[in-house]
Amino acid sequence: MSAGTQTAPPRRGARGAARPRAGFAAALLHRLSGIALALFLPMHFIALGTVLQGADRLESFLGLTHNGFVRVAEWGLVSALALHLVLGLRVLAIEWFARRERTALVVSTCVAAGLAVGLLFLLGGA
Amino acid sequence: MNAPVSTASPADPTVEAAPGAPLTVRIRRDGGFQAFTVARRPAQTILDVVTEIQRAQDPTLAYRFACRVGMCGSCAMMVNGRPRWTCRTRVAAVAEDDGLTLEPLRNLPVVKDLAVDMAPFFEKWTAAHGAFEPGAAPPADFAAVAPDSPERRAVDAGIECINCGVCYAACDVVTWNPDYLGPAALNRAWTLVNDVRDRGQEGRLAAVSGDAGCQSCHTHMSCTEHCPKALAPTFAIAGLKRATARSALKRLGARHFRRPA
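A.B. asks: Just checking my understanding: could you explain the overall build of chain B for this structure?
C.D. replies: When helices and strands are counted, chain B shows 10 helices and 7 strands. Taking all 261 residues of chain B together, the buried fraction comes to 44%. Within chain B, counting contacts between residues at least 6 apart in sequence, those at least 24 apart form 65% of the total.

Below, the structure written as structure tokens:
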């Protein structure tokens, strides 16, 4: 029997780095989509605020939404909102009804639902 | 004469090596990894592998075990990046490419090699008021607990914990916030919150709320997925979240809406 030999650490072997798991991914997406929505809210209020200054100001502000970047951002926003909603429902189901789940399956379904809403938004001629 | 009873130990030549490629076992030691080669044997567990290495190859390897049958909760380690009881984990079920990577339990200080210091784990058990607190006159406040009452069932769901530390090692929140009480301590607190005889509820709910308490749980479900006893600390923590919220609302109501005497 050979005594042990020193080797380089394996790729994923860093102590403290458990394998990424679906529950972790769900929490990360939930947090990131929540931050994205929080960042959007001030923009939303600014847009609504321009109404007080007359229809022209609102129209000129809404002109920004024809910009390609803003359109992509809108799609992202709709997806983030849908994702945040379904992932939040998942947490509520787990915590209020003590649902044991197949985490990977449920999280995948939540992400698919969020993206599907985003696609519907695109198909709706946004 | 008390001759040692002969048992089929992993290093015992009576357990024939099984055909097939030998296992390459990488063990985290002294900041790096050390590789060992171990023969495969029928029904071999991870604990068998570690014991074989320690007895036949490197007697300085440190690890911890006691019962070998999943009762004591002392042999948990990270096996291929996941916390597991090594005594109840078969090599055949978890080896990847004829290899195993063994590390000490995550989130706990290492004493040596695969043995970790469990002191922080048990300190949090105490911090979460994990001990039953009787009233001033225990014989007088006798309570009849129906076995099928909801409270008793909630206790039953969490009472089988043997403190192995697997959930604590699986928890990402403990990694982020080392003060976080962790799934095991909170699960224990939840069993006591449902104990109608306990007289320390107010202090316990205060101890398990806050930044290091149940509200910090992100519901990753890691503890529930990894628990070798199939307990669900996530649901226990969710129960504590409800109980602490209810108690906070009651306090608020008492402060602002109390009827004048």
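A.B. asks: Hey, could you run me through the packing of helix α7 (residues 183–193) of chain B against helix α10 (residues 233–256) of chain B in this one?
C.D. replies: For any two helices packed against each other, the geometry is given by the interaxial angle and the distance between the axes. Residues and elements named next belong to chain B. Contact geometry for α7 and α10: axes closest at 8 Å, N-to-C directions at 55°. Of the possible angle classes, the one that applies to α7 and α10 is oblique. As α7 runs across α10, the sense of the crossing is left-handed. The residues of α10 that touch α7, namely those facing P183, A184, L186, N187, A189, W190 and V193, are P233, A236, I237, G239, L240 and A243. Considering only residue class, the contact of α7 with α10 consists of 11 nonpolar, 2 polar and no charged.

A.B. asks: What exactly am I supposed to notice about the confidence of the model for chain A here?
C.D. replies: In low-pLDDT segments, the atomic positions of the prediction should not be examined closely. Chain-level statistics for chain A give a pLDDT mean of 81 and a share of 83% at 70 or above. pLDDT under 50 marks residues 8–17 of chain A. Its contacts with residues more than four places away, or in other chains, come to 14 contacts.

A.B. asks: Looking at this structure, how should I read helix α4 (residues 103–123) of chain A?
C.D. replies: Working note: α-helix, 3.6 residues per turn, so residues spaced by three or four point in the same direction. The end-to-end C-alpha distance of α4 of chain A is 30 Å, a good match for the 30 Å that 21 residues give at a rise of 1.5 Å each. Contacts from the buried residues of α4 of chain A go to α1 (22–49) and α3 (68–97) of chain A together with α9 (222–226) of chain B.

A.B. asks: So what exactly am I meant to see when it comes to the pairing of strand β3 (residues 76–79) of chain B here?
C.D. replies: Two faces make up the sheet, and in a regular strand the side chains alternate between them. All names here are of chain B. Residues A76 and M78 of β3 are buried on one face, and the alternating residues M77 and V79, pointing to the opposite face, are buried as well. Inspection of the sheet shows β3 paired to strand β4 (residues 82–85) by 4 bridges, in the antiparallel sense. Opposite M77, over in β4, you have R84 as the bridge partner. In this structure, the hairpin formed by β3 and β4 is closed by a connection of 2 residues, where N80 is found at a positive phi of approximately 50°. Looking at chain direction, β3 and strand β5 (residues 99–103) are connected through 2 bridges and run antiparallel. Along β5, the bridge assignment pairs V79 with L102.

A.B. asks: Even after reading the chapter, I still don't get the packing of α1 of chain A against α3 of chain A, so can you show me in this structure?
C.D. replies: All names here are of chain A. Across the interface, α1 lies against α3 with an axial gap of 9 Å and an inter-helix angle of 130°. Between α1 and α3, the angle falls in the class oblique. When the axes of α1 and α3 are compared, the crossing they make is left-handed. Within the contact between the two elements, α1 uses A26, L29, H30, S33, G34, A36, L37 and F40 and α3 uses L77, A80, L81, L83, H84, L87, G88 and R90.

What counts as what
- Residues numbered from 1 in each chain as written.
- Chains lettered and ligands numbered in written order.
- Predicted model: local features only at pLDDT ≥ 70, side-chain atom pairs only at ≥ 80, totals over all residues.
- Helix = DSSP H or I, 4+ residues; strand = E, 2+ residues; numbered from the N terminus.
- Buried ≥ 20, exposed ≤ 12 C-beta atoms within 10 Å, placed from the backbone.
- Contact = placed C-beta atoms within 7 Å.
- Axes fitted to C-alpha atoms, helices over the stretch in contact; angles between N-to-C directions.
- Parallel < 35°, antiparallel > 145°, perpendicular 65-115°, else oblique.
- Left-handed = near helix turned anticlockwise from the far one by under 90°.
- Nonpolar A, V, L, I, M, F, W, Y, C, P; charged D, E, K, R; others polar.
- pLDDT = per-residue confidence, 0-100.
- Expected span 1.5 Å × (residues − 1).
- Pairing = 2+ DSSP bridges.

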